[in-house]
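What follows is the residue order along each chain.
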Amino acid sequence: MSLHPPVTLSAVVLALTGALIASPAVADRFASEPDSASSTSVPARSTVPGMHAMPATPEPKVETLASGLVHPWSIAFLPDGRELVAERAGRLRILDDGTLSPPVSGVPPVLAESQGGLFDVVLHPDFDTNGWLYLSFAHGTSGRNATRLVRARLDGDALVELEPLFTAEPWKATPVHFGGRVAFLLDGTLLLTLGDGFDYREEAQRLDNHFGKIVRLHDDGRVPEDNPFVATPNARPEIWSYGHRNPQGLAVVQVGRPGAGTVYAHEHGPAGGDEINRIEPGGNYGWPIATRGRDYSGAAISPFEEFPGTRAPLVDWTPSIAPAGLAIASGSSFAALDGELLVAALKSRELRRVRLDAAGRSVGQAVLLSGEGRLRDVRSAPDGSLRVLTDSPNGRVLRLSPAP
Ligand SMILES: [Ca+2]
């Protein structure tokens, strides 16, 4: 018997894992994932679920502000009117009056494979005075990676003073289901969404890891003392909510709005079971115990669509639309949309409006935009217009405003 059997076993497992991940057969394993580039599924409109009667959708005016972006993932608005666009390939660009800058220097290396890459770019609420911007991305290799959050300052065309703030643990061996959305709460702390890594879904129900979680941090990465599980033995203290699959939409109702501070997130189900949830501290959002989704094989994941102790979604989309970005309409120019959730969808290739009642139930859905391909993100711009990012190797930034 070897003196070091664990080392030998680990080496074998690592080698096998690496070989498996690199093989086309296993890459195809993720082909049904709506976030994978190989996905080309376009359902007929009649199969799109969840549509209810709504007041007539205003026909927006659509302008293309930029094109030629490689899978743009998020956009942020600088105080001087310029916009920052994150491309999944690992580049940050400045959009200035219709002109895209060369890539900003100083962006950390990202794992730009499969679903990995540069994800969110979000400004600190006090960006005007402190200059911090936050980036989330896939860090590592296809066989050993994690979602990471950093902050840095923008100095001209460079990121400086880069500070790593958080890296999800443990590392995973799948290049998919990273989560990666970031949003600040009204108290100045921030939330970061983390996916279940696809192969680790049971871990979403355990508190000793970061798979399938939303975590909450101070703006400098410290753990807030009032996080819900700081006193729970063996729990990761960063956890804010758990039981998520792959949350790629996150939005907070802003000050002065009804329900200020309310947090909404959406997440990809497997085949079916896409959800919008209202996120509350300590909440268990059910995955994979409670879901309406099924495995891509058609096999049941769980016999339970609801389960005691888990939060039911506000909205379930079965079949899936593949929600990938979320904004809350401010109404400052799209008065008809005021307060609605706006969802960018990959698979159904649409920007969807979701109207909620005071109890948070979906009382109406409608399509605001379609025909532009897979949509990755939607944001409310300071002037009340919307930005929509198309998910493509030749991705675009669209500006939506009410037609005159
Ligand atoms: Ca759920």
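Rules of the game
Residues numbered from 1 in each chain as written. Predicted model: local features only at pLDDT ≥ 70, side-chain atom pairs only at ≥ 80, totals over all residues. Helix = DSSP H or I, 4+ residues; strand = E, 2+ residues; numbered from the N terminus. Contact = placed C-beta atoms within 7 Å. Buried ≥ 20, exposed ≤ 12 C-beta atoms within 10 Å, placed from the backbone. Pairing = 2+ DSSP bridges. Axes fitted to C-alpha atoms, helices over the stretch in contact; angles between N-to-C directions. Core = buried A, V, L, I, M, F, W, Y, C linked by C-beta atoms within 7 Å. pLDDT = per-residue confidence, 0-100.

Draft legend 1. Structural view of the overall build of the chain. Within the chain, the secondary structure is distributed over 3 helices and 24 strands. When contacts within the chain are restricted to residue pairs at least 6 apart in sequence, those whose partners lie at least 24 apart make up 57%.

Draft legend 2. Fine view of the environment of Leu342. Structurally, Leu342 can be placed in strand S19 (residues 341-345). The exposure class assigned to Leu342 is buried, which follows from the 25 C-beta atoms found within 10 Å. Separated by 10 residues in sequence, Leu342 and Arg352 have C-alpha atoms that sit 5.6 Å apart. Ignoring sequence-local partners within four residues, the contact set of Leu342 consists of Ala327, Ala329, Leu351, Arg353, Leu368 and Val378.

Draft legend 3. Expanded view of the sheet that holds S19. Taken in spatial order, the 4 strands of this open sheet run S18-S19-S20-S21, and their pairing is antiparallel. Where the open sheet ends on each side, the last strands, each with one partner, are strand S18 (323-328) and strand S21 (362-370). Going across the sheet, the axis of each strand differs from the next one's by a mean of 25°, ignoring polarity. Two elements, S19 and strand S20 (residues 350-356), share 5 bridges in a ladder whose sense is antiparallel. Residue pairing in the sheet places Ala345 in a bridge with Glu350 of S20.

Draft legend 4. Region of interest: the nonpolar core. One finds Leu192, Leu341 and Val388 to be the most contacted residues of the largest nonpolar core, which totals 86 residues. Among all residues touching Leu341, those that are not within four sequence positions of it are Tyr264, Ile276, Leu326, Ile328, Val354 and Leu356.

Draft legend 5. Region of interest: the pairing of strand S6 (residues 118-123). Most of S6 sits out of view: 5 of its 6 residues are buried. Two strands pair when backbone bridges link them, and S6 and strand S7 (residues 132-141) are joined in this way by 4 bridges, in the antiparallel orientation. Along S7, the bridge assignment pairs Val121 with Leu135.

Draft legend 6. Up close: unusual backbone geometry. The amide bond that connects Glu169 to the next residue, Pro170, takes the cis arrangement and shows omega of -5°. In this fold, Pro170 is placed in the loop between strand S9 (158-167) and strand S10 (182-184). Cis geometry marks the peptide bond from Thr318 to Pro319; its omega dihedral reads 5°. Note that Pro319 resides in the loop between strand S17 (315-317) and S18. Phi at Phe198 is positive, roughly 70°, even though this residue is not glycine. Position of Phe198 among the secondary structure elements: in the loop between strand S11 (190-193) and strand S12 (213-217).

Draft legend 7. Focus on the environment of Glu305. Relative to the assigned elements, Glu305 resides in the loop between strand S16 (274-278) and S17. Put simply, Glu305 and Ala290 are 15 residues apart on the chain and 4.7 Å apart in space, counted from C-alpha to C-alpha. Leaving out residues up to four positions away in the same chain, Glu305 has contacts with Ala290, Thr291 and Arg292.

Draft legend 8. Spotlight on the sheet that holds strand S14 (residues 246-252). Spatially, S14-S15-S16-S17 is the arrangement adopted by the 4 strands of the open sheet, whose pairing is antiparallel. Strand pairing shows two members of the sheet lacking a second neighbour, S14 and S17, which therefore form its edges. This sheet shows a mean twist of 15° between the axes of neighbouring strands, independent of strand direction. One ladder, built from 6 bridges, connects S14 with strand S15 (residues 263-268); its direction is antiparallel. The residue of S15 that forms the bridge with Ala251 is Tyr264.

Draft legend 9. How the structure looks around the pairing of strand S8 (residues 144-155). Of all 12 residues that make up S8, 9 are buried, and the element is covered over most of its length. Two strands pair when backbone bridges link them, and S7 and S8 are joined in this way by 10 bridges, in the antiparallel orientation. The residue bridging Leu133 from the neighbouring strand is Ala152, located in S8. A loop of 2 residues connects S7 with S8, the two strands running antiparallel in sequence. In this structure, S8 lies alongside S9, joined through 7 bridges in antiparallel fashion. Bridged to Val150 within S9 is Pro164. In textbook terms, the turn of a hairpin is the stretch between consecutive antiparallel strands, and for S8 and S9 this stretch comprises 2 residues, one of which, Gly156, has a positive phi near 65°.

Draft legend 10. Quick peek at the confidence of the model for the chain. Mean pLDDT over the chain stands at 89; residues scoring 70 or higher make up 88%. Here residues 38-48 scores under 50 on pLDDT; set against residues more than four positions off or in separate chains, the count is 13 contacts.

Draft legend 11. Molecular detail of the environment of Ala271. The topology assignment puts Ala271 in the loop between S15 and S16. In this structure the C-alpha to C-alpha distance between Ala271 and Ala322, which are 51 residues apart in sequence, comes to 9.6 Å. Sequence-distant contacts of Ala271, defined by excluding residues within four places in its chain, comprise Gly293, Arg294, Asp295, Tyr296 and Ser320.

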